[in-house]
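Now for the letters of each chain:
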Amino acid sequence: MEGAKGEGPAGDGAMENSVEHPRQQDHLIRDGDFVVLKREDVFKAVQVQRRKKVTFEKQWFFLDNVIGHSYGTTFEVSSGGNLQPKKMMEEITSETKEAGIDNRNIVDDGKSQKLTQDDIKALKDKGIKGEEIVQQLIENSTTFRDKTEFAQDKYIKKKKKKYEAIITVVKPSTRILSIMYYAREPGKINYMRYDTLAQMLTLGNIHAGNKMIVMETCAGLVLGAVMERMGGFGSIIQMYPGGGPVRAATTCFGFPKSFFNSLYEFPLGKVNCLLNGTFSSKALPPESKDSISVEENNGTLLDDLQTSPKEMEESIVEVIENNHPQQETMEVISQEPEYKEHKERGNKKDYIQELQRKQEQQKKRQIEAATLLNERNADGLIIASRYHPTPLALSLLEFVAPSRPFVVYCHYKEPLVECYTKLRERGGVINLRLSETWLRNYQVLPDRSHPKLMMSGGGGYLLSGITVASDKQKSESCVLELQKTEEPTAKKRKVQESDSTLEDLP
Amino acid sequence: MSFVEYEELIKEGDTAIIFLGHGSMFPVQVQRGAQTQTKYGVIRHSAHLIGQPFGSRVTCSKGGWVYVLHPTPELWTLNLPHRTQILYSTDISIITMMLELKPGSIVCESGTGSGSLSHAIIRTVAPTGHLHTVEFHQQRAQKAEEEFREHRVDRWVTVRNQDVCKNGFGVSHVADAVFLDIPSPWEAIGHAKDALKVEGGRLCSFSPCIEQVQRTCQALAEHGFIEVTTLEILLREYSVRTANLPLPDLGGALDPLPVLGETQFKIGVPLKETVGHTGYLTFASKSLF
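Being a predicted model, the structure only gives us computed values, none of them experimental.

Observations regarding the overall build of chain A
Helix and strand counts for chain A come out as 16 helices and 15 strands. For chain A, with 506 residues in total, the buried portion stands at 46%. Long-range pairs, those at least 24 residues apart, make up 68% of the contacts in chain A with a sequence separation of at least 6. Working note: accessible area of chain A is about 26,600 Å², and carbon and sulfur atoms make up 50% of it.

Next comes the structure, spelled out in structure tokens:
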């Protein structure tokens, strides 16, 4: 039977700006969309806003012209910072002109290219297109015709990469954002490589309808990945340290507003009260500014705190991070505009009232979250933070139902070895596994296939397991069995059955 | 039970996983009046399973105990009856992420094989998505259909018994993603392109041999696919144990006297034997143009 695509969660599905036919228009870029710019293997997440200057890969431009085009369209930057759609040129499989056999006579004296830096700059300034510049470089290279075909191929690819600035606008997804973060700002995500994240989502059986507990300090990337796999169905309670959860990466996914209705947050600082029954919704004392800035850096090794020049160059997530106030008021980014509006009007009374209203709302949400947690029937737990995993696992597992998977990520192996040991002592978990994944990518070309690089040891480690009923709870079935000990024995023992009317079929 | 949604209590007709310890487990079909033998004794379904919560400890007739677990595609992958070589969760995880699967995705898959990946896909795309799976072997196609029905996921999957290389997936321009695990994937690239939506989509081909990968990459380029990437992923598991190393006796000349005996500490060591290679994964995007 053919399955038809059903309705997504909540009628208004799409982004705030477009309400009509969200599904049919899904592939078109709209004003206000969160997109990812891609050039070769470099990504940057931005929000489409008219007349807003965007910098990417040493170029600046406006995104206005992308609106109305399909995701996946390629553009190039033309005069005035406008993007023009540009069809991807087919690979010049050059009808083999001249080529050499090997490089025995090619001397690299740095003088084989006759065009100087200034010549090339002049060409660029004249507005000569990228592929024309590449053509010029080939013609002005004395050694080009001596190179082997493969070397010529490689040379052309390299020059194209440099001079043909093709920018693709793609839809954000866990795949793209996790690759982006790992490549550009791994410190923000505790060096979690994207294949490790992929394992977490599957090992954790993350799917629509779950009630998930997520504890992460990965800029909201893990939260976003979980939300994507849940599709707006089910609920998520995000545990957070300090004043509020960082969700910069979550915003990049561009989820519809409805997804956030079932997203709750709960402060770690109140977990113990919740566990021993003394929870109250009174606000915690505000955190000092210092701890917040440390949170941004994830408090990693001392060397990592010195931000390298490259990191300072360009933030991979435009502006959103700067505008996000890390106060007790945890604002979802879409609520920002009205917040600012009030401030601008200069009406202090309104502003204070608004603030109070928001705080009341948050208190209410916190109580809801506490209620959800107290049911102790969550369908799964994901931990991926800069904190030592053991105390987190030991306490948060209390909120998880039996026979549910949990996954704990750590940048280092040793804390997970300890966590494993402590979980064994605690009991109530089975199938504990400590693992990491190795990723190797390949260059596949005719007669030139070989592995490229191997990624291992740097992607983090995972501890996974399944919860079971703890020893304290006796299952009803035990009543039927007369047991003196609970040790498994090899000897056959006859069981006295008190109720002979029990079924006894062959 | 449901492979696509958790339930608390065991019902008749459910598939449950009996866990014996140390990674040893097997699936059972829960039936009123039925019995299951384990090395710890008999489990009576009506008494020990039906109406009990998943995750319960069940004491068997000989006195030993087991746990009864809620099925998940991951547990199913480890316990399903093999009709073919299957994909394991390590590969399944990266495939799921790289194909951008999520609720609502429409996916085409061939070959169905033993249904390991199929169950994982259904879990991910439910409740609003669908899986179109193609298997050219008649018995395997039938067995898969039976299993999907037994597992109550048949409304999210359509099984077609045909040759994907000749006749495609049976649908056109509807898929967000296509997955190929067949001997000659390059012969199905054209059909894959047709099955994918016009606006674009993702493709993955799994092949054990590099020569297959080369031909597939060539076919992908010829059909205008972009972002072609080939990778492989390996799982490295660690065994957590306590280790003892004796302290060497270097003589008693020091003051205070050195401590002798053994030191004990926790270690995480790689497993002695581990999987070396499953297959190469080639991913690509269908270009709009």
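What to know about the domain arrangement of chain B
Residue and element names in this part refer to chain B. Its domain assignment divides chain B into domain 1 (9-71) and domain 2 (75-234 + 277-286). Taking the mean C-alpha position of each, domain 1 and domain 2 sit 33 Å from one another. Residue-level contacts link 12 residues of domain 1 with seven residues of domain 2. Both sides together, the interface formed by domain 1 and domain 2 hides about 700 Å², and carbon and sulfur atoms give 57% of it. The largest share of the area that domain 1 buries against domain 2 comes from T15, M25 and P27, three residues that together contribute 47% of it. The tally of links between domain 1 and domain 2 comes to one salt bridge. Between R152 and D14 there is a salt bridge, with the nearest N and O atoms lying 3.2 Å from each other. Put simply, domain 1 and domain 2 have two residue pairs in polar contact (both at pLDDT 80 or more) between them. When residues of the side of domain 1 that touches domain 2 are traced back to their parent elements, those giving at least two are β1 (15-21) and β2 (24-29). Here the side of domain 1 that touches domain 2 takes four residues from β2, the largest share from any one element. Partitioned by chemical class, the residues of the side of domain 1 that touches domain 2 number five nonpolar, four polar and three charged.

A closer look at the interface of chain A and chain B
Taken together, the contacts link 84 residues of chain A with 84 residues of chain B. Each partner contributes to the roughly 7,100 Å² buried at the junction of chain A and chain B, and carbon and sulfur atoms together form 59% of this total. Put simply, B:E227 and A:R175 hold a salt bridge, and the shortest N to O gap is 3.4 Å. Our enumeration of links across chain A and chain B arrives at 21 residue pairs in polar contact (both at pLDDT 80 or more). Taken together, the elements giving at least two residues each to the side of chain A that touches chain B come down to α4 (174-184), α5 (194-203), α6 (221-230), α16 (414-426), β13 (429-443) and β15 (461-467) of chain A.

Details of the side chain of B:H151
Structurally, the position occupied by B:H151 is in the loop between α5 (138-150) and β9 (157-160). When near neighbours in sequence (up to four residues on either side) are disregarded, B:H151 contacts B:M1, B:F3, B:T15, B:W76 and B:H119.

Quick notes on the domain arrangement of chain A
By a widespread convention, an interface's size corresponds to the accessible area lost as its parts come together. Residues and elements named next belong to chain A. Assigned domains within chain A: domain 1 (28-89), domain 2 (117-163) and domain 3 (174-280 + 355-467). Its C-alpha centre places domain 1 at a distance of 25 Å from the equivalent point of domain 2. Listed as interface residues are four residues of domain 1 and, on the opposing side, four residues of domain 2. Summed over both sides, the interface of domain 1 with domain 2 buries roughly 380 Å², with 30% coming from carbon and sulfur.

Side note on the pairing of strand β4 (residues 41-44) of chain B
All names here are of chain B. Pairing geometry for strand β3 (residues 35-38) and β4, over four bridges, is antiparallel. The residue bridging T36 from the neighbouring strand is I43, located in β4. Here β3 hands over to β4 after two residues, the two strands then running antiparallel side by side.

Considerations on helix α4 (residues 116-125) of chain B
What sets the pattern is the α-helix's 3.6 residues per turn: residues three or four places apart point alike. Burial runs high along α4(B): 10 of the 10 residues are buried. Looking at α4(B), one finds that the buried residues are B:S116, B:L117, B:S118, B:H119, B:A120, B:I121, B:I122, B:R123, B:T124 and B:V125.

Re the packing of aromatic side chains
All names here are of chain A. Tallying each qualifying case throughout the model produces nine aromatic pairs over all chains. Across the ring face of F62, the terminal group of R51 is positioned such that the distance to the ring centre comes to 4.1 Å. Over the ring of W60 we find K53, and its NZ or CZ is 4.4 Å from the ring centre.

Points about a negative patch on the surface
Negative charge collects at one region of the surface, where B:E145, B:E146, B:E150 and B:D154 lie side by side. Its place among the elements puts B:E146 in helix α5.

Observations concerning the sheet that holds strand β6 (residues 82-85) of chain A
Residues and elements named next belong to chain A. Spatially, the five strands line up as an open sheet ordered β2-β1-β7-β5-β6, and their pairing is antiparallel. Two strands in the sheet have a free side with no partner beyond their single neighbour: β2 (42-47) and β6. In this sheet, adjacent strand axes meet at a mean angle of 35° when their direction is disregarded. Packed onto the sheet, α4 meets β1 (34-39), β2 and β7 (167-170) and runs at close to 115° relative to β2.

Let's talk about the UniProt feature "binding site: S-adenosyl-L-methionine" (unreviewed entry) in chain B
All names here are of chain B. Per the UniProt record, "binding site: S-adenosyl-L-methionine" (unreviewed entry) is found at S114, G115, S116, L117, E135, D163 and D181. If you trace the backbone, L117 turns up in helix α4. When its relative accessible area of 5% is taken as the criterion, L117 is described as buried. Ignoring sequence-local partners within four residues, the contact set of L117 consists of L87, I92, E109 and F179. Inspection of the secondary structure puts D163 in the loop between β9 and α6 (164-167). When residues no more than four places from it in sequence are discounted, the contact partners of D163 are F136 and G168.

Re the packing of helix α2 (residues 130-139) of chain A against helix α3 (residues 149-163) of chain A
All names here are of chain A. Their axes nearest at 9 Å, the elements α2 and α3 cross at an angle of 140°. As summarised for this structure, α2 and α3 are arranged oblique, according to the angle between their axes. α2 and α3 meet at a crossing whose hand is right-handed. Taken together, the residues of α3 that come into contact with α2 (itself represented by G130, I133, V134, L137 and I138) are Y155, I156, K159, K160 and Y163. Per-class residue counts for the contact of α2 with α3 are seven nonpolar, one polar and two charged.

Looking at the nonpolar core
In terms of nonpolar packing, the biggest core is built from 99 residues, with A:Y181, A:M200, A:V222, A:V226, A:I236 and B:L281 touching the most fellow members. Top element by residues in this core is α6(A). It accounts for seven residues. Ignoring anything within four residues of it in the chain, the contact list for A:V222 reads A:M192, A:L197, A:M200, A:V214, A:E216, A:I382 and A:A384. Judged by nonpolar contacts, the second largest core, of 36 residues, contains A:F266, A:A378, A:F406 and A:Y420.

Criteria and thresholds
Residues numbered from 1 in each chain as written. Chains lettered and ligands numbered in written order. Predicted model: local features only at pLDDT ≥ 70, side-chain atom pairs only at ≥ 80, totals over all residues. Heavy atoms only, no water. Helix = DSSP H or I, 4+ residues; strand = E, 2+ residues; numbered from the N terminus. Buried < 20%, exposed > 50% of the residue type's maximum accessible area, 1.4 Å probe, protein only. Contact = heavy atoms within 4.5 Å. Areas by Shrake-Rupley, 256 points an atom, 1.4 Å probe, with all protein chains shown as cover. Domains from an automatic or database assignment. Buried area = accessible area lost by both parts, 1.4 Å probe. Salt bridge = Lys/Arg side-chain N within 4 Å of Asp/Glu carboxyl O. Polar contact = N/O pair within 3.5 Å; in protein donor to acceptor, adjacent residues only side chain to side chain. Nonpolar A, V, L, I, M, F, W, Y, C, P; charged D, E, K, R; others polar. Pairing = 2+ DSSP bridges. Phe/Tyr/Trp six-rings, centres within 6.5 Å; stacked < 30°, edge-to-face > 60°. Lys NZ or Arg CZ within 6 Å of the ring centre and 35° of its normal. Patch = residues over 30% accessible without salt bridge, like charges linked within 9 Å, V, L, I, M, F, W, Y side chains within 5 Å. Lys, Arg positive; Asp, Glu negative; His and termini not counted. Charge placed at Lys NZ, Arg CZ, Asp CG, Glu CD. Axes fitted to C-alpha atoms, helices over the stretch in contact; angles between N-to-C directions. UniProt positions renumbered as here; feature names shortened; annotations may be inferred. Parallel < 35°, antiparallel > 145°, perpendicular 65-115°, else oblique. Left-handed = near helix turned anticlockwise from the far one by under 90°. Core = buried A, V, L, I, M, F, W, Y, C linked by side-chain atoms within 4.5 Å.

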